[in-house]
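Per-entry structural report
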Amino acid sequence: MFPSSLSATLVVSDTAGADISDTIAEGYAVAVVLGSGFASTTPTFVPGGTPINVVEDDIIIFKDYASRAENLGTDATKFQINQAANLVVNLGSTTNLAQYQQVLIRVTDGHQGDTVTATVNGKAYSYTAKAGEFSDAMIVGLAAVINGDLDTNSAAGKLHAVVTDDDPFTLDPDNLDQANFPSHPVGSITGAQLVLTQVNVAGSMTYMNVVTSVSNASTGASSAVVAQHDQSDNNITLLGFNGSDGNLNGHDVRFIGLSNTSVSLLQTALNTGETLTGKDANAVAGTATAQWINGDDLLIGGDGNDAINGGTGDDRILVSKGNDVVDGGGQGASPVAAGLFQDTLQAEEATFGTGTHFTVVLDGTLGAVGKGTLLSLSSTDALLGTTLFTEIETVRLLENSRTSTLDVKTLSDNVATAIGSNTFAPEGLVD
């Protein structure tokens, strides 16, 4: 372009034909160099000057399809669809959302004396190759260690490991179809692997932060190589985005089917304190006997004092700092819904820091439903948070110190008083 006179208008466009901003307030300073019969432009982003109003409204949608080809969603009035409670969440400077989280761990070139270690949420699982053993034995041994662990309530949660054939890293990185993998003979030094998953325990799961390593105590350096690869059904990394403090909410994360109305809630509370109210389950449309679906929420407290109400549905509520009050939600107004919903209160060491442990005190009132107090304590027994809860069917404590306690004394005393003397021998819990 070249203006034919001093009064001519110079229009600068991008390759799509759109005008480039021409003021600093719009975000760009555009320098124009005029030559003999030509003009060149250099746009430079300028963050200074008048503040730029950047408008973003990013939304994550989990949609169930009756027909993906026709973009036809599943009718959530008749069928259960994806729920927030199916997710595990890792909060921090970068946030991760995973659904049916799976991690592949692969060992290659392992020999006698090599040790493979998988550390999950601070808990380590290791196996050392014996004489005559190679990579395949290391993976089989590591899987046996993981599956044989009787502590299902460490910070790692309950893990399950399945040995698979080699080699999805080069042949089929996003498919666990073993028919596509060549098998390896016993004693293979080429490579072997396992698939690590998180087991759902009464509605409770936790995100797996997995770190793998190899070592050799005898030689000081291992010849083995370990690698890992995510194989979750869905694993969304929100780079540089902290989902805490209300940044994950019902507007930004939606669970839909045929309708655009979300039937489940993923929500973090504001750090100043907030009331969170989950979605309710809905009765299946068109059935003579009421059946209840959806409304399975994942509600996460913040640093302040929160009031969290799960509503109906199978909700998972994560304990947080501050003085919180949690109501898992009644079983529904209809008598047929009684006892159908299972709400889980989950406390995690990672929320408060290494060495955190918990004390659960069950309410002594006879006839109270899922009622008690959960205290979050530091390694020095400093109080970090108090949660009063009711209508909770499962309380799960995930920590590595294994010093958490359950206090049933008041309840036990009240039961003994109500029953009175009896001729039966003492059995079960004894004060």
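Residues numbered from 1 in each chain as written. Predicted model: local features only at pLDDT ≥ 70, side-chain atom pairs only at ≥ 80, totals over all residues. Heavy atoms only, no water.

1. Brief notes about the layout of surface pockets
Basically, it comes down to this: The rule is simple: put a 1 Å grid over the protein atoms alone, call a set of points where a 1.4 Å probe fits but cannot get out a cavity, call an open set with protein on both sides within 12 Å along at least five of seven lines a pocket, and count a residue as lining if it has an atom within 4 Å of a point. Grid points are joined across faces, edges and corners, and a volume is the space filled by probe spheres set on the points. Helix and strand assignments follow DSSP, with helices taken as H or I runs no shorter than four residues and strands as E runs no shorter than two, numbered in order from the N terminus. By the convention adopted, Pro, Cys, Tyr, Trp, Phe, Met, Ile, Leu, Val and Ala count as nonpolar, Lys, Arg, Asp and Glu as charged, and the other residues, Gly among them, as polar.
Of the pockets and cavities examined, the largest pocket occupies roughly 590 Å³. A per-element tally of the lining of the largest pocket places helix 2 (residues 349–352) first, with three residues. A class-by-class count of the residues in the lining of the largest pocket yields ten nonpolar, 16 polar and five charged.

2. Quick notes on the pairing of strand 12 (residues 192–198)
Selection criterion: Three labels apply to residues, based on accessible area from a 1.4 Å probe with only protein chains included: buried if under 20% of the type maximum, exposed if over 50%, partly exposed otherwise in between. Strand pairing is assigned whenever DSSP detects at least two bridges linking the two strands.
Among the seven residues of strand 12, seven are classified as buried, and the element is accordingly described as predominantly covered. Taking every second residue as pointing to the same face, both faces of strand 12 are buried, with Ala-192, Leu-194, Leu-196 and Gln-198 on one and Gln-193, Val-195 and Thr-197 on the other. Here strand 8 (residues 102–108) runs beside strand 12; their pairing, made up of six bridges, is antiparallel. Note on strand 12: the bridge partner recorded for Arg-106 is Gln-193.

3. Describing the sheet that holds strand 17 (residues 266–268)
We count it as follows: To obtain an axis, a line is fitted to C-alpha atoms, over the contacting stretch when the element is a helix, and the angle between two such axes runs from 0 to 180 degrees between their N-to-C directions.
Strand order across the open sheet formed by five strands is 17-21-23-25-29, with parallel pairing between neighbours. Since the sheet does not close on itself, it has two edges, and those belong to strand 17 and strand 29 (394–398), each with one partner. Between one strand axis and the next, the sheet turns through 15° on average, direction left out of account. As judged from the three bridges shared by strand 21 (residues 298–300) and strand 23 (residues 316–318), these two strands associate in the parallel manner. Looking at strand 23, one finds that Ile-300 is bridged to Leu-318.

4. Quick notes on the sheet that holds strand 22 (residues 307–309)
Reading across from one edge, 18-22-24-28-27-26-30 is the order of the seven strands in this open sheet, with mixed pairing throughout. This sheet does not close on itself; its edge strands, each paired only once, are strand 18 (275–277) and strand 30 (405–407). Direction aside, the axes of adjacent strands within the sheet are offset by 15° on average. Two strands pair when backbone bridges link them, and strand 24 (residues 322–327) and strand 28 (residues 383–390) are joined in this way by six bridges, in the parallel orientation. Bridged to Val-326 within strand 28 is Phe-389.

5. Some words on unusual backbone geometry
Excluding glycine, most residues fall at negative phi; most peptide bonds, likewise, are trans. With phi around 55°, Asn-71 is a residue other than glycine that occupies positive phi space. Looking at the secondary structure, you find Asn-71 in the loop between strand 4 (65–67) and strand 5 (72–73). Classification of Asn-71 by relative accessible area gives partly exposed; the value is 48%. Of note in this structure, Glu-391 is not a glycine but carries a positive phi near 60°. With respect to the secondary-structure elements, Glu-391 resides in the loop between strand 28 and strand 29.

6. Quick word on the environment of Val-162
What counts, and what does not: The contact rule is simple, with two residues in contact once any of their heavy atoms fall within 4.5 Å.
By secondary structure assignment, the location of Val-162 is in strand 11 (residues 159–164). When its relative accessible area of 38% is taken as the criterion, Val-162 is described as partly exposed. Measuring from C-alpha to C-alpha, the distance between Val-162 and Ile-146 comes to 9.9 Å, with 16 residues separating the pair along the chain. Residues in contact with Val-162, not counting those within four places in the same chain, are Gln-193, Leu-194 and Val-195.

7. Let's talk about the side chain of Asp-114
For clarity, the cut-off: Charge counting treats Lys and Arg as positive and Asp and Glu as negative, with His and both chain ends excluded. One side-chain nitrogen of Lys or Arg within 4 Å of one carboxyl oxygen of Asp or Glu is enough to make a salt bridge. Under this definition, polar contacts are N or O atom pairs within 3.5 Å; protein pairs additionally need one hydrogen-donor-capable and one acceptor-capable atom, and for neighbouring residues in sequence, both atoms have to be side-chain atoms.
Summarising the element assignment, Asp-114 is placed in strand 9 (residues 114–120). Buried Asp-114, no salt bridge; nearest opposite-charge side chain is Lys-130, N-O distance 14 Å. A distance of 3.0 Å separates polar atoms of two side chains, one belonging to Asp-114 and the other to Ser-222. Separated by 3.3 Å, the side chains of Asp-114 and Ser-223 make a polar contact.

8. Thoughts on the pattern of salt bridges
Where charged atoms from two side chains of opposite charge approach closely, those side chains can pair. Taken as a whole, this structure holds five salt bridges when the rule is applied. Lys-123 is the salt-bridge partner of Asp-151, the closest N and O atoms lying 3.8 Å from each other. Of this pair, Asp-151 sits in the loop between helix 1 (135–148) and strand 11 while Lys-123 sits in strand 10 (residues 123–128), and the two are 28 residues apart along the sequence. Ionic pairing is found between Arg-402 and Glu-399, a salt bridge with its closest N-O pair at 3.3 Å. Given a relative accessible area of 38%, Arg-402 falls into the partly exposed group.

Distances and angles like these do not, on their own, reveal function.
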